[in-house]
Amino acid sequence: MSTLANQLVKAEKEELSRAIRVLLGRPLVSLHTDPEDFDLIRRRHQALARWFDYYCGWRLLVEPRLGYARLVKVRETADPSRPARRRRSTRAPFDRRRYTLLCLIAGEALAAPVTTIGMLAQRVVQAAAADEHIPGFDPVRGDERAAFADALRLLEHYGAVTAVDGATDSYVDSAEAKVLYRVDTTRLLRLLAAPVAPSAVAESSDDPVAWPDLRDLTVERRYGSAAAPGFADGASETQRNLWARHSLLRRLLDDPVVYRADMTAAQLAYAGSLTGRQILRRAAEEAGFELEERAEGYLLIDPDALASDGKFPDEGAHAKVAALLLLDVLAASSGTRAFNGLVEESGRLLERFPRWARAYQSDGGAGRLTDDAVAVLCDFGLARHSGGATGSVQLLPAALRYTVDREET
Amino acid sequence: MAPPRIPAEMFQFTTTERSDLHTAVMYAFGDANERLETFLTFDQVRERLRAIGWYAPLDDAGLNRTLGQLVQWKLLDVVQNHAGAYATAEEYERKNLQYSLTRRGEAAFAGVQHALTVLESSGALQTAVLDAIADRLGELDTLLGTADAAMNRRIFTTLQELEGHLDALRNNTKQFNGELQRLMRAEGADLATFHEVKSATIVYLQEFVINLDSRAEAVRAVLAQVELRGVSVLHQRALIGAELPPSPGADPAVPWLTARRAKWDGLRLWFLPEGDGVPRVRQLHDVARRAIVSLLQVLDRITESRRRSSSAAADFRALARWFANAPSEQDAHRLWGTAFGLAPARHAHLAHEDAELIPTGAPWAEAAPVHVSAHLRTSGRTEHIGRTAKVRDVAAVRAARRERARRERAELETAWRRLSTGGRVKLSAFGTLEHDTFRRLLDLLGRALAARPDASGLRRAVTTDGRIEVMLWPAPDGPGVELHTVRGRFTTPDYPVEIRFVGGGPAAAREASRA
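Conventions and cut-offs
Residues numbered from 1 in each chain as written. Chains lettered and ligands numbered in written order. Predicted model: local features only at pLDDT ≥ 70, side-chain atom pairs only at ≥ 80, totals over all residues. Heavy atoms only, no water. Helix = DSSP H or I, 4+ residues; strand = E, 2+ residues; numbered from the N terminus. Buried < 20%, exposed > 50% of the residue type's maximum accessible area, 1.4 Å probe, protein only. Contact = heavy atoms within 4.5 Å. Areas by Shrake-Rupley, 256 points an atom, 1.4 Å probe, with all protein chains shown as cover. Lys, Arg positive; Asp, Glu negative; His and termini not counted. Salt bridge = Lys/Arg side-chain N within 4 Å of Asp/Glu carboxyl O. Expected span 1.5 Å × (residues − 1). Arc of directions from axis to C-beta. Pairing = 2+ DSSP bridges. Axes fitted to C-alpha atoms, helices over the stretch in contact; angles between N-to-C directions.

Chemist: Where do I start with the overall build of chain B in this structure?
Modeler: Helices and strands together make up the secondary structure of chain B, namely 17 helices and 9 strands. Buried residues in chain B amount to 39% of all 515 residues. Within chain B, contacts between residues separated by at least 24 positions form 66% of all contacts whose residues are at least 6 apart in sequence. Counting every atom, chain B has about 29,400 Å² of accessible surface; 53% of that belongs to carbon and sulfur.

If you want it as structure tokens, here you go:
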């Protein structure tokens, strides 16, 4: 009896931790793409919602009948290395054009619950034409249609629109393609996560295209002025505490490494306090992470790689293997090297791994390989690149956890 | 059975460009018909048109054309009246023509009116209809009880009323359902209206559900009674009462009886189905209940989308503008991450075999690195048999832990041995200490200071394993003392202190632990 009860408690904990990491990895889990994960989240809905609300103040919305769960991730500082990606084998990141079309389509799709690709494209043409700040959309051009289809396919992936008949990709070949869509308006609205409406931010500025301060989009009233640096005096003790906990855990749960050097005074104080330490540990443990706490900062280890868009080290891409080898080179030379010096190293790597030929052997291949490899290191919080081919690359402390085994001293 | 054919041009007056005028004229005739005026002259038509609210200018030629058109469609008949008294030729021309609705015209008018009624009516689930059905059935029961042939007519009319009510019940339910579906699809319905309709509907549905069961039961009981008296008897007597007009050819009684039987079957289906079937009246419950639930859901959805959708389109447009004018692709990605929050997390996936071996707070440079497949470095690939490596080698981990514990223990013993005072000494006697030994000393002093002093001010404490006892006497007044280690100085009052092993020296303890 007690064994059974123990087993159940254990299973429950495992389910919870798995569901938390799944949601961190994919903030929108749909029944139509991941039936099992969705089912798991549906079962543990309440506990999950409490967990996310307590530790990081993120809302979790589960719609059992509509078939999706959405973790509304709010981040003050978004990482540019995690863009929207095309739903194609290249997984290339979206460009400005695709982002723009995605937003235009979303705005136009709100109008009618059922539509076709032709009507949608027509409406986007009109919407783009009506706005002097948006370049016109011309469905006659093949590259424009491809961008349009990419944006639409991402919306399909999120379940905001569903192709009832026909396939979106046929539009790439011909503007005459017939595809029928059903629009899920609510889900479309839920794609937006910023707590402040973008239109409100846009209206408060004189210039409609002035680049917004992204922090304006993420102001949350419940923290009062605690979140604004320098204005913390106006916030209550509770608000300050809440903000310190939420902001710290948001970063820790989302980013590969959180360095003390990048933390604010309030966050450092919280992480150093007895309660703060306990909460960090408990959050990591309940979510199935291992917390690595070092003098320079914190990182979470997800052994199953559920809550991660990529792995490092990994054999999955040549750039990743090169990144590991360059990391060794950097570690051996006291952590900093000029970018150009690394290009030479990459050249040697290309000689060692003739299999990488196809992607990198052509002109400037070593340069491109170095670019990609350094980007991998930067994306995982292991290095900093001062920019450009003339700049230098500096290893960050956490990189040392991947160096070649040192002799035990 | 072939679908019925509608005579050509019957409803054409509703579809042409001038359908407004045509319909108005038809209404004028319909209106006259109700007042039992069988025909209208040209002037009368004009008068009626004004009476039913047609004020648009209309010249004589236009009206003439319209009337002519309707005649051509065989909706109106025109006759010349030579009997009238006419004073002038003009009067004769205007008044000698008399128009009246043809049979087809009457039908077309009725059809249009019916269509409009259906369009305007909203369905309803009516308890009154259920009551009426029960009443009529009761009446039939009483009527069948008497053999009086004079009652046959009453039986006929009552049966017709009963069938009428059944039709109403069926239509209303159907319409109500349709209405509900339309209500839920309504995209443009404004919230206030919807709220009103919704609350009214829910109150209505609740009232309906409350007494549905008892009413249905009443109908069932009386229906069973009538059946006991014989349905065929009922129909026969009703047939006599109906006094069907004779018609050439087939006997009209046969189709008439078939129709009655079909209706009766329908009645049974609603209230008293054969076998295990569920009476359809029971489904009304479900309909009502479902309606309440769906209405509430729709309301939720509308409220939600109302809250944001007006601004949502604007939000998406603002974002589109920003994206189109982003200073760099990097900024666009950042905006994507902030506005949509759909970006995945990113984490390390390689862990230490035994993280407990590394003290928290040590710099990364001092902590041992995690194990990265050596194969990955040499060949660019991880060993694929490595999948099983996920199960940690517990034996190795244990051995490592044991070794570490042993080492720590040895260090501790050494430190304690150095600290063992062999009697009461002053702290100043320690002089210079190794850092590790000093940490142990601090630990022991801390324990002693945490203990409550006895009457003489002596504090006593033992380590958790009970091996070392430390005694601390109050410090005499005077200047403190400095203890030196390689890493710094420690200033403290010069406490007299005794540190000793309990129950023998370290050698004895080693033997004890071995035993």
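Chemist: I would appreciate a short explanation of the side chain of Arg86(A) in the present structure.
Modeler: Residue and element names in this part refer to chain A. With respect to the helices and strands, Arg-86 occurs in the loop between strand S3 (68–72) and helix H4 (96–109). Although Arg-86 is buried, it forms no salt bridge, and the closest oppositely charged side chain is Asp-150 at an N-O distance of 4.0 Å. Filtering out sequence-adjacent residues up to four positions away, Arg-86 remains in contact with Arg-91, Ala-92, Pro-93, Phe-94, Asp-95, Arg-98 and Asp-150.

Chemist: Even after reading the chapter, I still don't get helix H16 (residues 435–450) of chain B, so can you show me in this structure?
Modeler: All names here are of chain B. An ideal rise of 1.5 Å per residue puts 22 Å on 16 residues; H16 measures up with 22 Å between its terminal C-alpha atoms. Among the residues of H16, Thr-437, Phe-438, Leu-441, Leu-444, Leu-445 and Ala-448 are the ones counted as buried. Mapping the buried residues of H16 onto a view down its axis gives an arc of 125°, with all of them on the same face. Packed against the buried residues of H16 are helix H15 (394–419), strand S5 (459–462), strand S6 (468–472), strand S7 (481–485), strand S8 (488–492) and strand S9 (496–501).

Chemist: Got a minute to help me understand the sheet that holds strand S4 (residues 425–426) of chain B in this structure?
Modeler: All names here are of chain B. Sheet architecture is open: 4 strands sit in the order S4-S9-S6-S5, paired in antiparallel fashion. Either end of the sheet is taken by a strand with one partner, and the two such strands are S4 and S5. Here 2 bridges tie S4 to S9, and the two strands are oriented antiparallel to one another. Residue pairing for S9: Val-425 is matched across the bridge by Val-497. Each of S5, S6 and S9 touches H16; the most contacted strand, S6, lies at about 65° to it.

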